[in-house]
Amino acid sequence: MQKILVVDDDPYILMSLEFLMKKDGYEVKVARNGTEALELINIEMPSLVLLDIMMPDVDGYAICKYIKETKRLKDIKVVFLSAKSKESDIQKGYDLGASLYITKPFSTRELMKQVKGLMAS
Amino acid sequence: MNNWLVIISALVYLGILFGVAYFAEYKYKKGKSLINNPYAYALSLAVYCTAWTYYGSVGRATTNGADFLVYYLGPTIMCALYWPVLRKIIRICKTQRINSLADFISTRYGKNFTLGIIVAVFCVAGVIPYIALQLKAISTSFSILTSSVSSSEVGFWQDNTFYFTILIVVFIILFGTRSVDASEKHEGLVAAIAFESIVKLIAFIVAGVFITWFIFDGFGDIFSRAEKISELKKLFVIGGNTSYSSWTSLLVLSMLSVIFLPRQFQVSVVENIQEAHVKKAVWLFPLYLFIINIFVLPVAFGGKLSFGAGVDPDTYVLALPLHHQQYLLGLFIFIGGFSAASSMIIVETIALATMLSNSLALPVLFSSTGFKASAKSVRQTILNTRRLSIILILFLAYLYDKTVAQHFTLVSIGLISFAAVAQFAPSVIGGIFWKGASKNGAVAGLVIGFVTWFFTLVVPSMVSAGLVSENILHNGLFGITWLKPFALFGLDGLDSISHGFFWSLFFNCCAYFFVSVYSVKKAQEIYQAEIFVDIFKHSSIQENNAIWKGTADLSALNSLLENFMGKEKAGKVLLNFATRYKIPVDAKRADPRIVAFAEKVLGGVIGSASARIMVSSVTKEEELKIDEVIHILRESQQMMELNKELRRKSAELQRATDQLTSVNEQLKNMDVMKDEFLYTVTHELRTPLTSIRAMAEIVHDNPDIPDEQKQKFLSGIIKETERLSHLITQVLNLERYESGRQKLNASSVLLNVLIDDSVESLEALAHEKNIRIVKQLPDSMFIVQCDAPLIQQVLNNLLSNAIKFVEPEKGVIKISLHQNADGMQIWVEDNGKGISKELHELIFDKFFQAKNQTLKKPQGSGLGLAICKKIIEMHGGKIWVESEEDKGSRFIFTLPSD
């Protein structure tokens, strides 16, 4: 079973995404902040991370950068889910090596389609 | 001591002086002025201290005690008036190219030829005794040093004074008459004078130190020994031998002399380079006077204690070291005295020579029919006239020294000169402050002043010299008892100087005033009066405003200037002027402004009266009528006002532009802030929207999920919708407070009750998390003027934040009320995880997110704290947080008491 890590500080978003991913048959881990996320990435080695950017401790960009700069982790796919909608923010996400940058609010159906595509490739 | 040794020393000293002057001129040509600084200026002012100071003060102190100081108090007081008076004179002289006192007075009263002559003659007559005094001092000190007999009985070829005089004549001719243009600065000369001021100061101090500490045992010793002698003891008291009336008159005399002595006028006005130098000289010059007077009394008492009556007190400073076999020291002191005397002679003679040649000789020469102004000869003529004047002046001084001066002390000769130059005060000071003064008034005042001066002060000295019968002193002029030189109109009881000074200045002022008031003024006079009195208004634009009518041939004018200034300089000067004011150059008909300018430039060379004569010789001038002058003046007045108006307008415009720029800047800032705020708000809205949408879609797409789970999603949707609407309310509130639309609805509120209400409303929420809220309120009730619902909002916000951030079960929240001088403080404390220092201010900022692009504000606070801050500020209070990480937080806000 392919493993997905969901990182967000909003409990309802976390709950929703967890439900959706599980429903599609993935194994899901959740992290409520950046610190937790970094821990889980190393332990669980997920195939994909759904990553919020604005968090109280470590921000999403830093986590993505860490993943892409760590040899062992660099194949993990990163999908940003963020309320930051400026062109420059999005560009920064892709520059850091993200596979996808989706702005909030998003359609869950669309998100699932994209995740499925990424997991298949 | 050997005659020749002394003479050679004096020669060497003069050689050094030459060297200093040459060096200064050399440096000046290289582009670096040695004297363009306030220190050199102040030192050159110290030419005031002559042999009189150097030798005479001591003599005076042996008979009159501390009253010699009055001659230095006067200048010190005058220094306070330097800025308003002297600066004005300097400005006038610079813009009008005036280079002597005579030229100043004649220019002021319509460039009047007669007036210039009167002033020049009076100046020479008044000051020659003073120059003679210096010569006398040199020869006396020379005799003392060489222990030779006084020189009055020997022929002039055996007389050392004669040779000293010749030496000085050579020096002055070499350095004072190098350029035709008298308005040019004498760079080398001023440097030499400043140098001499240093030499005489050092020499006198060295003498003083030697006498005080080497012959005696310090100040204490001299004074305690002098105290034992009754003749000296009475000198300890000021005013012992001097009455108040003579103190006053001597004070006024010395005040006036420091401006009107020709040499002081020369160094302080003509040689002044920058007006700003006056500012510093105002205290440097009095400081110099103070220092040079420190040892006068010790030397005077020392001399009295050592010599008794045998030695002339004027020579104590030299005689004392010699008495103790200190010949080298004596030689040095002689050189100091020589420098004091020579610097005075040099500057005084140059000033007088400029006056004699420019105001007396040249006008007479130029207006004589036979004179033709041809190129080379004319400049040579001017220089020769000036050189002859120098020789004449020093010859007269020498003569005076030989015939009259031997009978008087240094000080009394000097005072006669002081009283002479004081006669210029009414015409000069009146001339720069009173537009109503007229030429006739000035002539009348000066003439009557000088006649009185001559009669009351000079005639008695001629009696002493045996030139006039003694009869006049006792019986009065022509036997009329009212006309006794020492008791004019029966006024006796004053000393002769005060008496003469009083009457001469009294008649002078009266004549000046009344004749001015009752005389008709000419056009030129009115115009000059306007320029002199309002110089600070006119100095910029008056060049461009000529009072002259007639026709002039430009080429004739040009060749006239060439004759006096040289071809190159003349051509440049006129052309520059024409370009500066955009005046068309027409060879046949010169613009009046050019004619006026040419006259002024020429005035700098040969004096204004001569320049007048020369210019009218090449132009056809028409007499100006009074109403034409008034018209010109009015025009220039209007132009000045127009200028002022323009300046004011442009300043206003500038202000408006500045304001616009700053408003624009503010608007731009506000725009950026608005953008940021909007971004923050939409960002805040996106998060709940995301969860609502996600949860709604889940419930919609998955009809088969268990009821329990479905319930969870649905209640989540409701919670997030609440959060959304709360956020929107907050945004609207904040916007309302910031725009100022929300008015405070203040009333007297019981704070205790307000707090009770808040705690009560949140008790349930706290209970859920099992958190305690502790109230710590004083027993007495506190009433504050505030808007109750708004303050309630702040309290609720802080409390609910605290509830959110403390750990369930362990959390304790404390709310307390404190009173201090400024008003009330409300504290909300919790034992949560605290807030790091760098966030202390940011959490109250509504743009928190925008500025910290990726770090999130501690969750849940939203815009709440920003709103709290706004509300508290609206009440005139402050809100802040004190907190450390892991140590809990304390939010404090203040409400001022009325």
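Above this note sits the structure.
Residues numbered from 1 in each chain as written. Chains lettered and ligands numbered in written order. Predicted model: local features only at pLDDT ≥ 70, side-chain atom pairs only at ≥ 80, totals over all residues. Heavy atoms only, no water.

Student: Whenever I open this one, the overall build of chain A confuses me. Can you help?
Tutor: Scanning chain A for helices and strands turns up 5 helices and 5 strands. Put simply, chain A runs from its N terminus to its C terminus through helices and strands in the order β-α-β-α-β-α-β-α-β-α. In chain A, which comprises 121 residues, the share counted as buried stands at 54%. Once local pairs closer than 6 in sequence are excluded, the contacts in chain A between residues at least 24 apart make up 60%. Approximately 5300 Å² of chain A is accessible, and the part contributed by carbon and sulfur atoms is 52%. (Helix = DSSP H or I, 4+ residues; strand = E, 2+ residues; numbered from the N terminus. Buried < 20%, exposed > 50% of the residue type's maximum accessible area, 1.4 Å probe, protein only. Contact = heavy atoms within 4.5 Å. Areas by Shrake-Rupley, 256 points an atom, 1.4 Å probe, with all protein chains shown as cover.)

Student: Help me out: how do you make sense of the overall build of chain B in this one?
Tutor: Helix and strand content of chain B: 34 helices and 11 strands. Looking at chain B as a whole, 54% of its 898 residues qualify as buried. Long-range contacts, defined as pairs at least 24 residues apart, comprise 80% of the intrachain contacts of chain B with a sequence gap of at least 6. Carbon and sulfur atoms provide 61% of the accessible area of chain B, an area that totals close to 39600 Å².

Student: Hey, could you run me through empty space enclosed by the protein in this one?
Tutor: Empty space among the atoms becomes apparent when a probe as large as a water molecule is rolled across them. All names here are of chain B. Counted according to the given criterion, the structure contains 7 cavities of 30 Å³ or more. Its volume calculated, the second largest cavity comes out at about 70 Å³. Around the second largest cavity sit 13 residues that line it, and Gln96, Lys111, Lys600, Gly603 and Ser608 are the ones nearest its centre. Sorting the residues of the lining of the second largest cavity by element identifies helix H5 (101–108), helix H27 (592–606) and helix H28 (608–618) as the ones contributing at least two each. In terms of residues, the lining of the second largest cavity owes the most to one element, H27, which gives 4 residues. Of the residues in the lining of the second largest cavity, the class split is 2 nonpolar, 6 polar and 5 charged. (1 Å grid on protein atoms, 1.4 Å probe; cavity = no way out; pocket = protein on both sides within 12 Å on 5 of 7 lines; lining within 4 Å. Points joined across faces, edges and corners; volume = space filled by probe spheres on them. Nonpolar A, V, L, I, M, F, W, Y, C, P; charged D, E, K, R; others polar.)

Student: How do you make sense of the sheet that holds strand E3 (residues 48–51) of chain A when you look at a structure like this?
Tutor: The pairing of strands in a sheet happens through backbone hydrogen bonds and is either parallel or antiparallel. All names here are of chain A. An order of E2-E1-E3-E4-E5 is seen for the 5 strands of this open sheet, with the pairing classed as parallel. Two strands lie at the open edges of the sheet, namely strand E2 (27–31) and strand E5 (100–103), each paired on one side alone. The sheet shows a mean angle of 20° between the axes of neighbouring strands, taken without regard to direction. Judged from the 4 bridges that link them, strand E4 (residues 77–82) and E5 form a sheet pairing that is parallel. Opposite Leu81, over in E5, you have Ile102 as the bridge partner. Contacting strand E1 (3–7), E2 and E3, helix H2 (residues 34–44) runs over the sheet at an angle of about 150° to E2. (Pairing = 2+ DSSP bridges. Axes fitted to C-alpha atoms, helices over the stretch in contact; angles between N-to-C directions.)

Student: In this structure, what is going on with the packing of helix H25 (residues 554–565) of chain B against H28(B)? I would like to understand it.
Tutor: The geometry of a pair of packed helices is captured by two quantities: the angle between their axes and the separation between those axes. Residues and elements named next belong to chain B. Packing of H25 against H28 brings their axes to within 9 Å, and their N-to-C directions diverge by 140°. Crossing of H25 over H28 shows right-handed handedness. Contacts between H25 and H28 involve Ala556, Leu557, Leu560 and Phe564 from the former and Met614, Val615 and Val618 from the latter. (Left-handed = near helix turned anticlockwise from the far one by under 90°.)

Student: I'm lost on the sheet that holds strand E9 (residues 823–830) of chain B in this one. Help?
Tutor: Residue and element names in this part refer to chain B. Read across the open sheet, the 5 strands follow the order E6-E8-E9-E11-E10; overall the sheet is mixed. Each having just a single partner strand, strand E6 (772–776) and strand E10 (879–883) make up the two edges of the open sheet. When strand polarity is set aside, the average angle formed by the axes of neighbouring strands in this sheet is 20°. In this sheet, strand E11 (residues 889–896) lies alongside E9 in antiparallel orientation, the contact comprising 8 bridges. The residue of E11 that forms the bridge with Gln825 is Thr894.

Student: Sorry if this is basic, but what is going on with the interface of chain B and chain A here?
Tutor: Interface size is often expressed as the accessible area that is lost when the parts come together. Taken residue by residue, the interface counts 28 residues in chain B and 27 residues in chain A. Between chain B and chain A, a total of about 2700 Å² is buried, with carbon and sulfur atoms accounting for 59% of that surface. In this assembly, chain B and chain A are joined by 2 salt bridges. Remark: the boundary between chain B and chain A carries 6 residue pairs in polar contact (both at pLDDT 80 or more). (Buried area = accessible area lost by both parts, 1.4 Å probe. Salt bridge = Lys/Arg side-chain N within 4 Å of Asp/Glu carboxyl O. Polar contact = N/O pair within 3.5 Å; in protein donor to acceptor, adjacent residues only side chain to side chain.)

Student: What is the right way to look at the packing of helix H3 (residues 51–64) of chain B against helix H6 (residues 113–146) of chain B in this model?
Tutor: All names here are of chain B. Interaxial distance between H3 and H6 falls to 10 Å at its minimum, and their mutual angle equals 65°. Between H3 and H6, the crossing angle belongs to the class labelled roughly perpendicular. The way H3 lies across H6 gives a crossing that is left-handed. Of the residues in H6, those in contact with Ala51, Trp52 and Tyr55 of H3 are Tyr130, Leu133, Gln134, Ala137 and Ser141. Across the contact of H3 with H6, the residue classes tally to 6 nonpolar, 2 polar and no charged. (Parallel < 35°, antiparallel > 145°, perpendicular 65-115°, else oblique.)

Student: Whenever I open this one, the pattern of salt bridges confuses me. Can you help?
Tutor: Oppositely charged side chains are able to pair whenever their charged atoms sit close together. This model, assessed by the stated rule, comprises 23 salt bridges over all chains. A salt bridge links Lys65(A) to Glu69(A); its shortest N-O distance comes to 3.8 Å. Separated by 4 residues within a single helix, Lys65(A) and Glu69(A) lie in helix H3 (residues 60–69), roughly one turn from each other. Taking the relative accessible area as the measure of exposure, Glu69(A) reaches 60% and is therefore exposed. One salt bridge connects Asp701(B) with Arg109(A), and the closest N-O pair in it is separated by 2.9 Å. Of this pair, Asp701(B) sits in helix H29 (residues 626–701) while Arg109(A) sits in helix H5 (residues 108–120), which puts the two residues in different chains. According to the relative accessible area criterion, Asp701(B) is partly exposed, its value standing at 32%.

Student: Explain the side chain of Asp830(B) to me, please; I cannot follow it from the model alone.
Tutor: Residue and element names in this part refer to chain B. Within the secondary structure layout, Asp830 lies in strand E9. Buried Asp830, no salt bridge; nearest opposite-charge side chain is Arg890, N-O distance 9.8 Å. One polar contact links the side chain of Asp830 to the main-chain amide nitrogen of Gly832, over a distance of 2.8 Å. Those residues in contact with Asp830 that lie beyond four places of it in its chain are Ala802, Val806, Val812, Ile813, Gly888 and Ser889. (Lys, Arg positive; Asp, Glu negative; His and termini not counted.)

Student: Could you clarify how one ought to interpret the pairing of E2(A) in this entry?
Tutor: Here is the key point about a regular strand: its side chains alternate between the two faces of the sheet. All names here are of chain A. Where E1 meets E2, 5 bridges bridge the pair, whose relative direction is parallel. Along E2, the bridge assignment pairs Ile4 with Val28. Once the chain exits E1 it traverses helix H1 (residues 11–23) before rejoining the sheet at E2, and the crossover so formed is right-handed. (Right-handed = clockwise from strand over helix to strand, strands pointing away.)

Student: Is there a simple way to explain the nonpolar core in this structure?
Tutor: What tends to happen in soluble globular proteins is that the nonpolar side chains get buried as a cluster. All names here are of chain B. Core analysis: the largest hydrophobic core is formed by 162 residues, its most contacted members being Tyr82, Ile89, Phe104 and Phe424. Dropping the residues within four chain positions of it, Ile89 is found in contact with Phe104, Ile259, Phe265, Val269, Val428 and Ile432. In this structure, Val794, Leu798, Ile803 and Ile835 belong to the second largest nonpolar core, which totals 47 residues. (Core = buried A, V, L, I, M, F, W, Y, C linked by side-chain atoms within 4.5 Å.)

Student: Is there a simple way to think about the packing of aromatic side chains in this case?
Tutor: Geometry of an aromatic ring pair is reported as the spacing of the ring centres plus the angle between the planes. Evaluated as defined, the whole model comprises 40 aromatic pairs over all chains. Judged by centre distance (5.7 Å) and plane angle (50°), the ring pair of Phe80(A) and Tyr101(A) falls under tilted. With Phe80(A) in strand E4 and Tyr101(A) in strand E5, the pair connects residues that are 21 residues apart, well separated along the chain. Residue Phe80(A) shares its accessibility class with Tyr101(A), and that shared class is buried. Ring geometry for Trp213(B) and Phe219(B): centres 5.3 Å apart, planes at 75°, overall edge-to-face. Residue classification places Trp213(B) among the partly exposed positions, given a relative accessible area of 42%. A network of ring pairs unites the aromatic residues Tyr48(B), Trp52(B), Tyr71(B), Tyr72(B), Tyr130(B), Phe285(B) and Phe418(B) as a single cluster. (Phe/Tyr/Trp six-rings, centres within 6.5 Å; stacked < 30°, edge-to-face > 60°.)

Student: Teacher, can you tell me more about H1(A) here?
Tutor: Because each turn of an α-helix spans 3.6 residues, side chains separated by three or four positions end up pointing in the same direction. Residue and element names in this part refer to chain A. Spanning 13 residues, H1 covers 18 Å between terminal C-alpha atoms, matching the ideal 18 Å at 1.5 Å per step. Three or more residues of H1 are buried, namely Tyr12, Ile13, Leu14, Ser16, Leu17, Phe19, Leu20 and Met21. At the exit of H1 stands Gly25, carrying a positive phi of roughly 90°. (Expected span 1.5 Å × (residues − 1).)

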